[in-house]
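Survey of secondary and tertiary structure
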Amino acid sequence: MPSYTVTIATGNQWFAGTDDYIYITLVGTEGCSERTLLDKPLYNDFERGAVDSYEVRVGENLGDIVLVKIEKKKYWVQDDWYCRYITVKTPSGDYLEFPCFCWLVNDKEVVLRDGRAHLPQDDKTSLVKQHRQKELDGRRKTYRWREWQPGFPMSIDANRHKDLPRDIQFDSEKGVDFILNYSKAIENLFVNQFMHMFQSSWSDFSDFEKIFVRIKNTISEYVMQHWKEDFMFGYQFLNGCNPVLIRKCKKLPDKFPVTHEMVAVSLERELTLEEEIEAGNIYIVDYEVLDGITPNSTDPCTLQYLAAPICLLYKNAQNKIMPIAIQLGQVPGEDNPIFLPTDGQYDWLLAKIWVRSSDFHHHQTITHLLRTHLMTEVFGIAMFRQLPAVHPAFKLLIPHIRFTIAINTKAREQLICECGIFDKANATGGGGHVQMVQRAVKTLTFRSLCFPDLIKSRGVDSKEELPTYFYRDDGYKVFSTEFVSDVVNIYYTSDESVQGDEEIQAFVKDVCSFGMQDLDYCEFPKSVKTREELIEYLTVIIFTASAQHAAVNFGQYDWCSWIPNAPSTMRKPPPNKKGLANVNLIVESLPDRGRSSWHLGAVWALSQYQENELYLGMYPDEHFTEKPVKDAMAKFRKELAEITSSIKKRNEGKKLPYYNMSPDKIPNSVAV
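With an unreviewed UniProt entry as reference, the protein is termed Arachidonate 5-lipoxygenase a, source organism Astatotilapia calliptera. One UniProt comment on the protein, placed under Sequence similarities (unreviewed entry), says "Belongs to the lipoxygenase family." The Pathway (unreviewed entry) field of the UniProt record for the protein holds the comment "Lipid metabolism."

Let's talk about the UniProt feature "site: Essential for stabilizing binding to COTL1" (unreviewed entry) in the protein
According to UniProt, the positions carrying the feature "site: Essential for stabilizing binding to COTL1" (unreviewed entry) are W103. Inspection of the secondary structure assignment puts W103 in strand β7 (residues 95-104). For W103, a relative accessible area of 3% corresponds to the buried category. The contacts of W103, once residues within four sequence positions are left out, are Q13, W14, F15, A16, D80, W81, Y82, K108, R166 and D167.

Considerations on the UniProt feature "binding site: Fe cation" (unreviewed entry) in the protein
Within the UniProt annotation, "binding site: Fe cation" (unreviewed entry) is assigned to H368, H373 and H549. The greatest C-alpha distance among the annotated residues, which extend across 182 residues, is 7.8 Å, indicating that they converge on a single site. What H368 contacts, discounting residues up to four positions off in sequence, is H363, H373, H549, V552, N553, Q556 and V672. Among all residues touching H549, those that are not within four sequence positions of it are H368, T372, H373, T544, F554, V670 and V672.

Description of a nonpolar patch on the surface
On the surface, Y21, L37, Y75, W76 and V77 cluster together to form a nonpolar patch covering roughly 580 Å² of accessible area. Looking at where Y75 falls in the secondary structure, it is placed in the loop between β5 (65-73) and β6 (81-89). A relative accessible area of 49% places Y75 in the partly exposed class.

Here's the deal with the sheet that holds strand β15 (residues 338-339)
Judged by pairing direction, the sheet is antiparallel, and its five strands sit side by side in the order β11-β12-β13-β14-β15 without closing on themselves. Strand pairing shows two members of the sheet lacking a second neighbour, β11 (247-248) and β15, which therefore form its edges. In this structure, strand β13 (residues 310-315) lies alongside strand β14 (residues 321-327), joined through six bridges in antiparallel fashion. Residue pairing for β14: L312 is matched across the bridge by A325.

Section: the nonpolar core
Among the nonpolar cores identified, the biggest contains 159 residues, and F507, F524 and L538 are the most heavily contacted of them. Per-element accounting of this core gives the leading share, 19 residues, to helix α7 (residues 345-386). In this structure F524 touches M375, F379, L444, T445, F446, L449, V511, C512 and M516, once residues within four positions along its chain are discounted.

Digging into the packing of α7 against helix α17 (residues 531-553)
For the pair α7 and α17, interaxial distance at closest approach is 10 Å and the crossing angle is 145 degrees. Where α7 crosses over α17, the two elements pack in a sense that is left-handed. On the side of α7, the interface is formed by H363, T367, H368, R371, T372, H373, T376 and F379, while α17 contributes Y537, I541, T544, A545, Q548, H549, V552 and N553. Classifying every residue of the contact of α7 with α17 gives five nonpolar, ten polar and one charged.

Regarding the environment of L590
Mapped onto the elements of the fold, L590 is located in the loop between α19 (583-589) and α20 (593-606). Considered as a pair, L590 and F256 are 334 residues apart in the sequence and their alpha carbons are 26 Å apart. Apart from residues no more than four positions distant in its own chain, L590 is found in contact with F205, F208, I353, P564, P567, T569, M570 and R571.

What to know about helix α3 (residues 218-226)
In terms of burial, α3 is largely enclosed, as seven of its nine residues are buried. For α3, the set of buried residues is I219, S220, E221, Y222, V223, M224 and H226. Buried residues in α3 make contact with α4 (230-239) and α18 (556-560).

Examining the sheet that holds strand β4 (residues 51-57)
Spatial strand order, β4-β1-β6-β7: four strands in an open sheet with antiparallel pairing. Two strands lie at the open edges of the sheet, namely β4 and β7, each paired on one side alone. Sheet twist, expressed as the mean angle between neighbouring strand axes with direction ignored, is 20 degrees.

Re the pattern of salt bridges
In the structure shown here, the tally under the stated rule is 36 salt bridges. Where D473 meets K463, a salt bridge forms, and the shortest distance between an N and an O atom there is 3.9 Å. With D473 in helix α13 (residues 470-479) and K463 in the loop between α12 (451-457) and α13, the pair connects residues that are ten residues apart, well separated along the chain. A salt bridge links E622 to K630; the nearest nitrogen and oxygen atoms lie 3.0 Å apart. For E622, a relative accessible area of 39% translates into the label partly exposed.

Criteria and thresholds
Residues numbered from 1 in each chain as written. Predicted model: local features only at pLDDT ≥ 70, side-chain atom pairs only at ≥ 80, totals over all residues. Heavy atoms only, no water. UniProt positions renumbered as here; feature names shortened; annotations may be inferred. Helix = DSSP H or I, 4+ residues; strand = E, 2+ residues; numbered from the N terminus. Buried < 20%, exposed > 50% of the residue type's maximum accessible area, 1.4 Å probe, protein only. Contact = heavy atoms within 4.5 Å. Patch = residues over 30% accessible without salt bridge, like charges linked within 9 Å, V, L, I, M, F, W, Y side chains within 5 Å. Areas by Shrake-Rupley, 256 points an atom, 1.4 Å probe, with all protein chains shown as cover. Salt bridge = Lys/Arg side-chain N within 4 Å of Asp/Glu carboxyl O. Pairing = 2+ DSSP bridges. Core = buried A, V, L, I, M, F, W, Y, C linked by side-chain atoms within 4.5 Å. Axes fitted to C-alpha atoms, helices over the stretch in contact; angles between N-to-C directions. Left-handed = near helix turned anticlockwise from the far one by under 90°. Nonpolar A, V, L, I, M, F, W, Y, C, P; charged D, E, K, R; others polar.

Have a look at this one:
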């Protein structure tokens, strides 16, 4: 009787093993094996991390093995099982790999195809076509769209982390419990004695050191020492947490009536302000999106305030970006003065603090939450709904969606929900953050997620003009790696093969029509017509989930742990006159001791990498089995290593090294 050797690998994560009954059926072109119980006498099968082999005997040759069916039946108590992969050795000595990488829960069966990727038009037999369709039908019932808030990108239909499909849950929910992690952070930072001291102001700037000195690193220490200086204020628009807003000013907006006389003393080239604008030396940052947002009123004992400032920046003769004018509201007038470096020391400092606070809100809610977390979830849900496991785009994207839907669900459960942690310390808590996302979605186009387009649209693409814009330089390098192009060209031989792939077209359409709700202003494509368009589309997804998220997430402790540099709330209204500010007013405006402690715990927790983090290019789950793709992965890792090396070399000796886009510090996916 012919015999097949079946090898099964159980996952290494907690509780991956099982004592349930496991059955296998081999499906070939010439017939099927009997349903066979995989069980060795006096042996504990399917333990965590185990690789077990079994013989499956058949009455006749099955032909080419097309599918493997695995079933799990309850033995004693409910016992989930995580199967990594199955290999089948045929009677003729050939080896076939069947990637699984999923949980079998309850009495579940999984039907697997071998690891070679196939486009839908390449499948010719009804058996594999039906398998493909059945998988997608099941996924669409499991991964359902839901609108969490009106005007938001759509999210997964689940109220809590435990309601999610098992395959996309965290291995251990405890590890991503925000309340637990923030409390742990507050304890680790030795600030727990302050965390309940709401309404209690610090005595002066140096008093903030009481909660700062416990954890130090080179950047946060440098920020603490230099935060008041104009060069440090300007530098953060290039390489801080939110390096996405600075744009070249081609014409001063009417709402910001800065004159040459106001700023002449700050200009260094013996040119008028108009001439400096024409020469390309003037930049602007406008927080218009914050105008009219309702400030946090969840604590009746503390009034909190927001502003929507406009800031004019000047590239001086040393190529440093320096602030030269700040207006704290959108409507000019006597009660909305333009603050200048020539004003009183504290007037100017307070104006800059208001800009930094506004930048913090824009960063957390729009740059970070909306444009990385929520957008990656949209791509992820559409992927599960429209691309079967055998599709090359699914295999390419799945490592970059890992845990994203889980972290977002946990955030909706604990962080950004009504009465969530976000309300405790943020002026945009209590609903302001929801208004901000609703407003920002209206300018969120697909092209604005495409890194080179976004840089160019802001007029900051020239290295000659802005030689120290490291976020731009490193982002270009990572975005232009050839991995996605290499993989797409392995499977798509022409533009016609892209157009003929109904699954990839359904995926792109699902993102636009359901994920973005086909909003008139979203400008997301509904189809891709060429290989080039598909390469760009997939690159945008991977870049958003990995490099862009890393750039705006992991520097939060560096730049935001010194509270006066990134206040999460302001407790006094923005000044409407010059000459009012002094140290007392500034300290009374800054977050109190309790809010400062919650803020510090948050930025520390958000800046931590996951345990067993997988960085860009690390793909331990082998969804792809073909050699050309494995070669492309090796080439990708080599490209990334060269980028890492060049960034490390550039950073040597720098007081402010920029490493947030270094590939060795970019996780594959949005998971924190």
